[in-house]
Amino acid sequence: MNKNINFDLLANELDDLKRQTLKDVGAIDAAYIRNVIVWQRGLEWGGRALLMLGFIHPLWWVVGVLSLASAKILDNMEIGHNVLHGQYDWMNDPHINSRQFDWDIACDGKSWQRIHNYEHHTYTNVIGKDRDFGYGLLRLSNDFSWRLKNLWQFITYIYLSVLFQWGISYHELAAERVFMGKKKQGRASKVNASELKRRFFSKGGKQLFKDYLVFPLLAGPLFLWVISGNLIANLLRNLWTSTIIFCGHFTSDVHTFSQAECENETQGQWYYRQALGSSNILGGKLFHILTGHLSFQIEHHLFPDLPSSRYQQVAPQVQAIFARHGIAYHTGPFLRQYSQVVKRILRYSLP
Amino acid sequence: MNLLTRLNQVTAKTLFHTESLGSYFEPLIQRVKPAWRTHWFRAQVLSLKPLRDDVLQLELAPQKTWPQAKAGQHVLLTLEINGRLMTRPFSISSAPDQRQTLQPKKRVIRLTIKHTADGAFTSALSQHISVGGFVNLSAPQGEFLLSDSVLNLPETPLWLVAAGSGITPFMAMLHQLALSTHRLKPLFANAIQSPAHKPSNPIYVVYFAKAGEHLYVDELTVLAQLLPQLKVKLLVRKNGDNLATALQGCLASSQVLICGPGQFKQDVDHQLDAINHPPQHRQAEYFQAPILPKTDNGEQHIQLTQRGKQTQLTLATNDTLLNGLEQQGISATFGCRIGVCHQCQCVKKSGVVRNLRTGELSQQGEQLIQLCISQAVTPLELEL
Ligand code: FES
């Protein structure tokens, strides 16, 4: 790690920023998340209704699909991801909190929370500890030795994006351990394998049941319009989330860390690693909301439980702090960030 | 669980991943009905008036489905204070089934709220509610009620012994006794009509407070006119009044109800013991004096509830709750242990914790806390 940085000062400044921002968190933020939920509900029901008007004019169906897809994106990103991070727990709301909430994707919220909030956020980009780095499927840095399957990893990546919700579900379950009996040292799981399996199938099953059976059946003769609409809405959501998430951690300037580097890490060093392990995407307000504010991946990684409604506000201050300490702040427009991701996947598919 | 509830839950879980349909639609319903919540009843604020500098009287019209309270019960009042839902218990000081004078169809309950040392809730109260606005209520709860012996045996003398704001549940009881059980009339109206049947038990109100701080003095006078057998003693300790004289004449057969601070309750108990009043004829409701934050080297006292089982624990000083619990052989879920992942989250029912990362103190009431970065400042009730 860079020895020229005053990590204690960095930690103090970032801690202060967080404290100051949290002080202002209140009614506005509660109203914000409730508002997003209201929009989500509206888009979901609007979408489901419009799907059935496809027989009048297919354009209705197209609008319905987009509306339903946006609802699913909001539910997954701005609501689900952030609520499950505990960002809105301070509201004391019996429904909008990280213990109660579950989302509209195949991955069981509790299982996700256990792995993602812990492994990924504590050990961001630490090779061997953060399994989110390449999801065990892709080779994205020289930290991993090259294998033949990496040759076609771009295709693997496309598959992963298309089936992202299932990939996440399988991954967060650490399925290779649960299903194949692979064991890794030092990773005692507090939830036993059969419980994990049960959750995997019960949540996944519910998803299939509702989108591909209940809602289409409710539509009666319009069955096909609805089932295809649901399928495409799910697909759009998968592609969107996967793309945004890849832009957050796998652009070209994102660093990786070895386990040795992170031993006995101080708070400042932890912040530093979060900063270098993430990258942002520039965009407008609506874009940020649709990414669940993961377009502020850096801020999210510094302050994972700060309400998402505050990321836009703290970003300039974070950038200023980084500038003072000479830490790079990785950001760029969507296309630039995304092309870097694609390049990275392609680059490391070769030895 | 009845079939409908079950159906509701299964549908909600399968289609919307929420615990009930209500919780899925809640934010939408709130657009039309402010403060509508699945967990609580809704009540409209009818009036808000300070009785004293530190005492606020709140009149509320609960929604129709709110179960009728019995005199002496309390409710949990929930408010959204700066985006955060906060809940505190308060005694009801009005008679059951009181009606609104203008709209006789609407029930009214009256809460008398005293500012406490932990003022976060009470001081925010007047800023965050306004007449016409909505708050949330729990169903009425509590077993501090007029006993059958009082209600059915006209010869049982009734002693109501209060200190400070401990008078509130007694106001509810006295109004109940003053009103006929047949025809319930609005109270506090000037023209209170004489009810058909009045209980004839001798009633003594022994009410201690600081000089000039007795609540509801006028109302007690009106009640004394309605209930000729009612004797009210407004007492001030500083002026030389004491329990021994106040409780003179209390018979072994008397039913004694005590309400006030914990210390007051003890004093009354001693005095009653001294005059051989049997404990089975006593009922008490008392509140602990506000517990002052302990110093950093104080022990941490925890009352832990796990799947309905309760245990008392004393944890080592200067340790996080997570470490402390583990040392006692209690395993809580955890992940990062540095306050990032929220897996160690659990429900704190009551008490104050310090967040070790920010140094901030929590509220007294129910909250989610992270065990790995929290330390008990006052005795806590936790649920794992
Ligand atoms: S263990 Fe991760 S927040 Fe407490």
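Scroll up a little and you will see the structure.
The text that follows walks through the structure, step by step, so that each part is easy to find. Since the model is a prediction, treat every value here as computed from it, not as a measurement.

**Some remarks on the sheet that holds strand S1 (residues 41-52) of chain B**
Residue and element names in this part refer to chain B. Strand order in this open sheet of 6 strands is S4-S3-S6-S1-S2-S5, and the pairing throughout is antiparallel. Whereas interior strands pair on both sides, the edge strands pair on one side only; in this sheet they are strand S4 (84-91) and strand S5 (109-114). Across the sheet, the mean angle separating the axes of adjacent strands is 40° when strand polarity is ignored. In this sheet, S4 lies alongside strand S3 (residues 74-81) in antiparallel orientation, the contact comprising 8 bridges. Within S4, the position partnered with leucine 76 by the bridge is proline 89.

**As for empty space enclosed by the protein**
Residues and elements named next belong to chain A. On inspection of all chains with the given rule, the structure shows 6 cavities of 30 Å³ or more. The space that makes up the largest cavity amounts to roughly 240 Å³. What lines the largest cavity is a set of 22 residues, and nearest its centre among them are His81, Trp112, His116, Ile245 and Leu294. Elements represented by at least two residues in the lining of the largest cavity include exactly helix H3 (58-84), helix H4 (109-122), helix H6 (164-172), helix H9 (223-249) and helix H12 (297-302). Each residue belonging to the lining of the largest cavity can be placed in one class, and the counts come to 9 nonpolar, 11 polar and 2 charged.

**Observations regarding unusual backbone geometry**
Residues and elements named next belong to chain B. For asparagine 82, which is not glycine, the phi dihedral falls at a positive 50°. Looking at the secondary structure, you find asparagine 82 in the loop between S3 and S4. What makes asparagine 82 partly exposed here is its relative accessible area of 39%. The phi angle at asparagine 276 is positive, at roughly 60°, despite the residue not being glycine. Note on placement: asparagine 276 falls in the loop between helix H8 (262-274) and strand S11 (282-287).

**Quick look at the nonpolar core**
Residues and elements named next belong to chain A. The biggest cluster of nonpolar side chains holds 41 residues, and the ones touching the most others in it are Tyr88, Met91, Ile96, Tyr135, Phe164 and Phe246. Within the residue set of this core, elements represented by two or more residues are helix H2 (27-51), H3, helix H5 (153-162), H6, H9, helix H11 (285-290) and helix H14 (334-347). By residue number, the principal contributor to this core is H3, which donates 6 residues. Excluding residues that lie within four positions of it along the chain, phenylalanine 164 makes contacts with Tyr135, Asn238, Thr241, Ser242, Ile245 and Phe246. Counting 30 residues, the second largest nonpolar core, distinct from the first, contains Ala11, Trp270, Phe303 and Leu306.

**Observations regarding the pattern of salt bridges**
Residues and elements named next belong to chain B. Using the criterion set out here, one finds 26 salt bridges over all chains in the structure. Among the ionic pairs, aspartate 269 bridges to arginine 282, the shortest N-O distance being 2.9 Å. In this pair, aspartate 269 sits in helix H8 while arginine 282 sits in strand S11, placing the two residues 13 residues apart along the sequence. Given the relative accessible area of 13%, arginine 282 is considered buried. In this structure, aspartate 273 engages arginine 282 in a salt bridge whose closest nitrogen and oxygen atoms are separated by 2.6 Å. Taking the relative accessible area as the measure of exposure, aspartate 273 reaches 40% and is therefore partly exposed.

Conventions used here
Within each chain, residue numbers correspond to sequence positions counted from 1 in written order. Going through the entries in the order they are written, you letter the chains from A and number the ligands from 1. Thresholds applied to this predicted model are a pLDDT of at least 70 for local features of residues and 80 or more for the giving and counting of side-chain atom pairs; totals over whole chains, interfaces and linings are not thresholded and use all residues. The side-chain values count all of the structure's non-hydrogen atoms but skip hydrogen atoms and water molecules. By this definition, two strands are paired if DSSP reports at least two bridges between them. Labels follow the DSSP assignment, with helices taken as runs of H or I lasting at least four residues and strands as runs of E lasting at least two, numbered in each case from the N terminus. Geometry is summarised by axes, namely lines fitted to C-alpha atoms with helices restricted to the contacting stretch, and by angles between N-to-C directions that run from 0 to 180 degrees. Detection works on a 1 Å grid of protein atoms alone, calling trapped sets that fit a 1.4 Å probe cavities and calling open sets with protein on both sides within 12 Å along at least five of seven lines pockets, with lining residues defined by an atom within 4 Å of a point. Grid points are joined across faces, edges and corners, and a volume is the space filled by probe spheres set on the points. In this count, Pro and Cys sit with the nonpolar residues alongside Ala, Val, Leu, Ile, Met, Phe, Trp and Tyr, while Asp, Glu, Lys and Arg are called charged and the others, Gly among them, polar. Only protein chains enter the accessibility calculation, which uses a 1.4 Å probe; a residue whose area is less than 20% of its type maximum is buried, one above 50% is exposed, and one in between is partly exposed. The nonpolar core is taken to be a set of buried Ala, Val, Leu, Ile, Met, Phe, Trp, Tyr and Cys residues, with the residues joined through side-chain atoms within 4.5 Å. Here a residue-residue contact requires only that any non-hydrogen atoms of the pair lie within 4.5 Å. A pairing counts as a salt bridge when a side-chain nitrogen of Lys or Arg comes within 4 Å of a carboxyl oxygen of Asp or Glu.

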